[in-house]
Amino acid sequence: MSLTSNTGEREQLAYIAAKAADSRVNVEIETEGMTLNIGPQHPATHGTLRIIAKLDGEQVISADPVMGYMHRGYEKLTEVRTYPQVTTLVNRIDWLGSFANEVPFILAAEKLMEVEAPPRAKWIRTILFEMSRISNNLLGLGDMAAQLGAVTPVFYAFRDREYVLNQVEAVTGGRFHPNFDRIGGLKDDLPAGWIESSKDAMVKMAAACDELETLVMGNEIFMARTRGIGIIPAEVGLEYGLSGANIRASGVDWDLRRDAPDGMAYDEVDWKVWTHPDGDSFARFWVRLQEMREGVKIVNQLLDSIPSGPVMAKVPRIIKVPEGEAYVETENPLGVMGYYVVSQGDLVPFRVKIRSASFNNVAVVPWVLKGVYVPDIISILASLYFILGDIDR
Amino acid sequence: MADTATEEPDAPPPSDDLREALLADFVGHLGDGIADSHLKPGDDLWIRVNPDAWGAAAETLRHKMGCQFFDFVSAIDWMPSPYGREMDAEVDTILAAANVEVEAAEAAPIVQGYAGGETRFQVFGRAINVVDKWGITIKADVPEDTLSVPTWINTYPGAAWHEREVHEMFGVSFDGNVDMRKLYLPTDFEGYPMRKDFPLLARRVKPWPGIVDVEGMPGDDDEEEAAESATEGASE
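Rules and cut-offs
Residues numbered from 1 in each chain as written. Chains lettered and ligands numbered in written order. Predicted model: local features only at pLDDT ≥ 70, side-chain atom pairs only at ≥ 80, totals over all residues. Helix = DSSP H or I, 4+ residues; strand = E, 2+ residues; numbered from the N terminus. Buried ≥ 20, exposed ≤ 12 C-beta atoms within 10 Å, placed from the backbone. Contact = placed C-beta atoms within 7 Å. Pairing = 2+ DSSP bridges. Axes fitted to C-alpha atoms, helices over the stretch in contact; angles between N-to-C directions. Core = buried A, V, L, I, M, F, W, Y, C linked by C-beta atoms within 7 Å. Expected span 1.5 Å × (residues − 1). pLDDT = per-residue confidence, 0-100. Parallel < 35°, antiparallel > 145°, perpendicular 65-115°, else oblique. Left-handed = near helix turned anticlockwise from the far one by under 90°. Nonpolar A, V, L, I, M, F, W, Y, C, P; charged D, E, K, R; others polar.

### Some thoughts on the overall build of chain B
Scanning chain B from terminus to terminus reveals 7 helices and 7 strands. For chain B, the N- to C-terminal ordering of α and β elements is α-α-β-β-α-β-α-β-β-β-α-β-α-α. Counting over 236 residues, chain B shows a buried share of 38%. Within chain B, residue pairs in contact and separated by at least 24 positions form 63% of the contacts whose partners lie at least 6 positions apart.

See below:
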């Protein structure tokens, strides 16, 4: 027995032992998965969404969202409300952009009645619609930063959002639930001095965008936790019905504000649809930020060009909607929101199907969470940006 | 196919070449699967397919017509509500006005909407071509005996939750979609809330005060005054 062969044997034995230990460890990890329950109450869920994640070590094998904690049955309730009363309900679907919820329903009713709102009403509608988007996006952006560990942006977002909400309140009387859109126009005209104060608010909003950008973009931790995380290819996103900033962040150039502007004033102003080719959490954040900037641009241009005239078309006092079916969808802050309204000539709708953006945006969660690590769950959920009222309806 | 051709709009002045071409295209792909269609120029296109062709319709949209974007799937119960059309009302005011026996409300005829139909339940779904920016609404009857149609999830995975919602709300099931757990409702919930014969108990116990808002104003049946009140309503 020479010394060399002895060493060789020992090395071989050590190698075999190490392999055996490795395989044992692997077997243990594979066989004992862990179930992690996130929510229903969790800061990252904007309401009460529960996610049951099955883990293998730090990796997610499967994720199953559970909702319904906030289901309010709006589709059933619309069947016992008259058309003008439905807006009060649908206000509460996406509560951060509530005026935007009313618009597609009113447009669908107007389509059935063959009524068109006067130009001034269209302009003001579009302005309020974009203001909903600005306040909604701002909070989403700040909130995403907060969930990734940057506490400052969310306080700034809550502070700056008030400037927009004040403007909405000045017109409609409600910060969150305006209930202002009517079949054929709007409830009221603008208060005196509103255009001026809105311009001031828009200056502050543009500043808020820049501030948010300098605070968050380029931050090493933020970039590490969002770039390349939660990539949704365009094709998958479309098949799941992902919409809004989320799908534009996957490179799909599709925005209903530009592609179907009926009943709104978007084709009267100069603005741009932003897309991002990456489809990751960062892209979704970035597109949302750019859309907020575009929103400010749109509002500023519309404020300059509001036509004069009435804000209400001639509609009967008691609204009976003729028989028919209409589907109208608009580009809401969270994505595509549509109302399929079936009328049988009554005071009340026969059936209203509400297609809300977040419902489809969250449907992709089981797909996108497969294989990611636990901290990335938070980054992905925050970047998809959903409101639970918009899922549960 | 001949039916489809006759169901084309009666040559109204605003023609819609895009949607007529789409309809012809769809008919070319699906052939006998199509039961009926409805085209509203400048607005939208409804196509009703046979229940068996419901799944194939989705494949046609997705793979042959480029509708990559899945919008929604839902269902509708066409039975008139046995509680009166307004549900709040103690009597069905519309039928009462037409001098129809109120008790006969339950037997009121089922009137399907656009693109017709034969069954009480219908499913409808929509997909959008995001490149050319158009969408089509597809409808299908749900056979009364099985209450099921083929699933869309093999074409559009996003349909899974929509089908779960339809199942719990209407009791319609989808062949091939095995995950039919309740989505919104508690697991032990019984009944199908969105069916028209499922009473909204809160309304049955207490009439809703909001109905006052739409009570007729004095003299509303006079057309001139109605027009006047409309202008008043506008200026309010």
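### Remarks on the pairing of strand 3 (residues 69-77) of chain B
Residues and elements named next belong to chain B. Across the 9 residues that make up strand 3, a large majority, 9, are buried. Where strand 3 meets strand 4 (residues 121-129), 8 bridges bridge the pair, whose relative direction is antiparallel. Within the sheet, the bridge partner assigned to S74 lies in strand 4 and is F124.

### Quick word on the sheet that holds strand 4 of chain B
Sheet strands pair by backbone hydrogen bonding; their relative direction is either parallel or antiparallel. Residue and element names in this part refer to chain B. Read from one edge to the other, the open sheet built from 5 strands follows the order 1-2-5-4-3, with strand pairing classed as mixed. With partners counted over all chains shown, the strands left at the sheet margins are strand 1 (34-40) and strand 3, one partner each. Averaged over all pairs of adjacent strands, the angle between their axes in this sheet comes to 20 degrees, without regard to strand direction. One ladder, built from 8 bridges, connects strand 4 with strand 5 (residues 134-141); its direction is antiparallel. In the sheet register, R126 faces strand 5, and the bridge partner there is T137.

### Quick notes on the pairing of strand 4 of chain B
With 8 of 9 residues buried, strand 4 of chain B lies mostly within the body of the structure. Taking the residues that link successive antiparallel strands as the turn, the strand 4 of chain B-strand 5 of chain B hairpin has 4 residues, and the phi of B:K133 there is positive, at about 60 degrees.

### Topic: the sheet that holds strand 3 (residues 59-66) of chain A
Residue and element names in this part refer to chain A. What the 3 strands build is an open sheet, ordered 1-2-3; its pairing is antiparallel. The open sheet has two free edges, formed respectively by strand 1 (34-38) and strand 3, since each of these has just one partner strand. Direction aside, neighbouring strands of the sheet carry axes that sit 20 degrees apart on average. Sheet topology note: the strand 1/strand 2 (residues 50-56) ladder contains 5 bridges and is antiparallel.

### With respect to the environment of B:V166
All names here are of chain B. Here V166 lies in helix 5 (residues 159-170). Spatially, the C-alpha atoms of V166 and P199 are 18 Å apart, while their sequence positions differ by 33 residues. If near-sequence neighbours (up to four positions away) are discounted, V166 is found in contact with V73, S74, A75, V123 and V172.

### Here's the deal with the nonpolar core
Counting residues in each nonpolar core, the largest one holds 164 residues, and the members touching the most others are A:A108, A:A109, A:M205, A:V341, B:I47, B:V49 and B:V123. With 13 residues, helix 5 (residues 119-147) of chain A is the largest single contributor of residues to this core. In this structure A:A109 touches A:Y83, A:I183, A:V321 and A:V341, once residues within four positions along its chain are discounted.

### Notes on unusual backbone geometry
For A:N179, which is not glycine, the phi torsion reads 50 degrees and is therefore positive. Judged by C-beta crowding, with 19 C-beta atoms within 10 Å, A:N179 ranks as partly exposed. One non-glycine residue, B:K133, adopts positive backbone phi at about 60 degrees. By the secondary structure assignment, B:K133 is in the loop between strand 4 and strand 5.

### Looking at helix 12 (residues 281-304) of chain A
Here helix 12 of chain A is 24 residues long and its end C-alpha atoms lie 35 Å apart, about the 34 Å a rise of 1.5 Å per residue gives. Along helix 12 of chain A, 18 of the 24 residues are buried, which leaves the element largely enclosed by surrounding structure.

### Structural notes on the confidence of the model for chain A
Residue and element names in this part refer to chain A. Averaged over all residues, the pLDDT of chain A is 84; the fraction at 70 or higher stands at 91%. Within chain A, the lowest mean pLDDT, 59, falls on helix 1 (residues 3-31), and the highest, 91, falls on helix 12. Across residues 1-5 the pLDDT falls below 50, and counting only partners more than four positions away or on other chains, this stretch makes 1 contact in the model.

### Observations regarding the packing of helix 7 (residues 194-216) of chain A against helix 12 of chain A
A packed helix pair is summarised by two numbers, namely the angle formed by the two axes and the spacing between the axes. All names here are of chain A. At a closest axis distance of 10 Å, the pairing of helix 7 and helix 12 adopts a crossing angle of 160 degrees. It follows from the interaxial angle that helix 7 and helix 12 lie roughly antiparallel. Crossing geometry of helix 7 relative to helix 12 is assigned as left-handed. Across from I195, S198, K199, M202, M205, A206, C209, L212 and E213 in helix 7, the residues of helix 12 making contact are L289, M292, R293, V296, V299, N300 and L303. Here the residues of the contact of helix 7 with helix 12 sort into 11 nonpolar, 2 polar and 3 charged.

### A word on the environment of A:D278
Residues and elements named next belong to chain A. Within the fold, D278 resides in the loop between helix 11 (256-259) and helix 12. What makes D278 partly exposed here is the crowd of 18 C-beta atoms within 10 Å. Taking the C-alpha atoms as reference points, D278 and I195, 83 residues apart in sequence, are found 38 Å from one another.

### As for the confidence of the model for chain B
Residues and elements named next belong to chain B. For chain B, the mean per-residue pLDDT works out to 73, and 67% of the residues sit at or above 70. Counting contacts from residues 222-236, a segment whose pLDDT is below 50, to residues more than four positions away or on other chains yields 17 contacts. This complex was scored by the predictor with a pTM of 0.80 and an ipTM of 0.79.

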